[in-house]
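Residues per chain are reported as follows:
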Amino acid sequence: MCLGMVVVMTFYNLLINGMIGMLPIKGILIQLMLGFIIAFLLELFIVGPAAQKLAFSLPYDKSKKIFVILSVSFFMVVGMVLFMSLYGLGTAYFYNGLGEESLFISYFSIVFKNLIFAFPLQLIIMGPLVRYIFAKFFKVQRMMESGSIS
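Every value quoted in this text rests on a predicted model; they were computed, and no experiment measured them. Residue numbers run consecutively from 1 along every chain, following the written order of its sequence. Residue-level local features of this predicted model are given only where pLDDT is at least 70; pairs of side-chain atoms are given and counted only at 80 or more, and the full residue set underlies all totals for whole chains, interfaces and linings. The side-chain figures draw on all heavy atoms in the structure; neither hydrogens nor water molecules are used.

Chemist: Which residues make up the packing of aromatic side chains, and what are the values?
Modeler: Any aromatic ring pair is given by two values, namely how distant the centres are and how the planes are angled relative to each other. Planes of paired rings set the category: under 30 degrees apart is stacked, over 60 is edge-to-face and the rest tilted, where pairs are Phe, Tyr or Trp rings (Trp by its six-membered ring) whose centres lie within 6.5 Å. Summed over all chains, the structure comprises nine aromatic pairs. Residues Tyr60 and Phe67 carry aromatic rings whose centres are separated by 6.5 Å and whose planes lie at 85 degrees to one another, so their mutual orientation is edge-to-face. Three or more aromatic residues link up through ring pairs in this structure, and these residues are Phe74, Phe75 and Phe119. Its guanidinium or amino end placed over the ring of Tyr60, Lys62 lies 4.5 Å from that ring's centre, counting from NZ or CZ. Here, over-ring charges are defined by two tests on the NZ atom of lysine or the CZ atom of arginine: distance to the ring centre within 6 Å, and angle to the ring normal within 35 degrees.

Set out below in structure tokens:
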């Protein structure tokens, strides 16, 4: 899921900042690799554990899978957007400076733009797609282990 989110969010940010066509393919690939490494480490060590802890501390019926999925997804998206927007701010500064805006305004502008795109992307596309793929993969794995598929 991390890889899919990084790829789509990277291209979204390149598009909204008018950078498509301005960066060479090598630059885009470097951005994708760096973005994935940073996002993966953040998700694994900081945002993921915090999102799980926050999601399970809320008072809701945790026996309903949809509530668990939505609450964990909510905290994951918020956490990742807050952190990865810092990465985006640094990248934007590196490539073309911040222009006339203050650092504070630039950061929150990036956060807002990323939140409005990342929430639907995660909840409607990436989350269901990854859960479907994993369900299919593990179903095949279980069938192979039980001897149903040779």
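Text resumes after the structure shown.
Chemist: So what's going on with the side chain of Gln122? Which residues, and what values?
Modeler: In this description a helix means any DSSP run of H or I spanning at least four residues, a strand means any run of E spanning at least two, and both kinds are numbered starting from the N terminus. Examined against the element boundaries, Gln122 turns out to sit in helix α4 (residues 103-146). If we skip the residues at most four places from it in the chain, Gln122 touches Met1, Met5, Ser73, Val77, Gly127 and Pro128. Working rule for contacts: check all heavy atoms of both residues, and any pair within 4.5 Å makes them a contact.

Chemist: Summarise the nonpolar core; cite the residues concerned and give the values.
Modeler: It is characteristic of soluble globular proteins that their nonpolar side chains tend to be buried jointly. One finds Ala39, Met80 and Met84 to be the most contacted residues of the largest nonpolar core, which totals 15 residues. Contributing elements (two or more residues each) for this core: α1 (2-16), α2 (25-57) and α3 (65-96). When sequence neighbours within four positions are dropped, the list of residues in contact with Met80 reads Ala39, Leu42, Glu43, Val47 and Ser85. Buried Ala, Val, Leu, Ile, Met, Phe, Trp, Tyr and Cys residues that are joined via side-chain atoms within 4.5 Å together make up what is termed a nonpolar core. Only protein chains enter the accessibility calculation, which uses a 1.4 Å probe. A residue is then buried if its area is under 20% of the maximum for its type, exposed if over 50%, and partly exposed in between.

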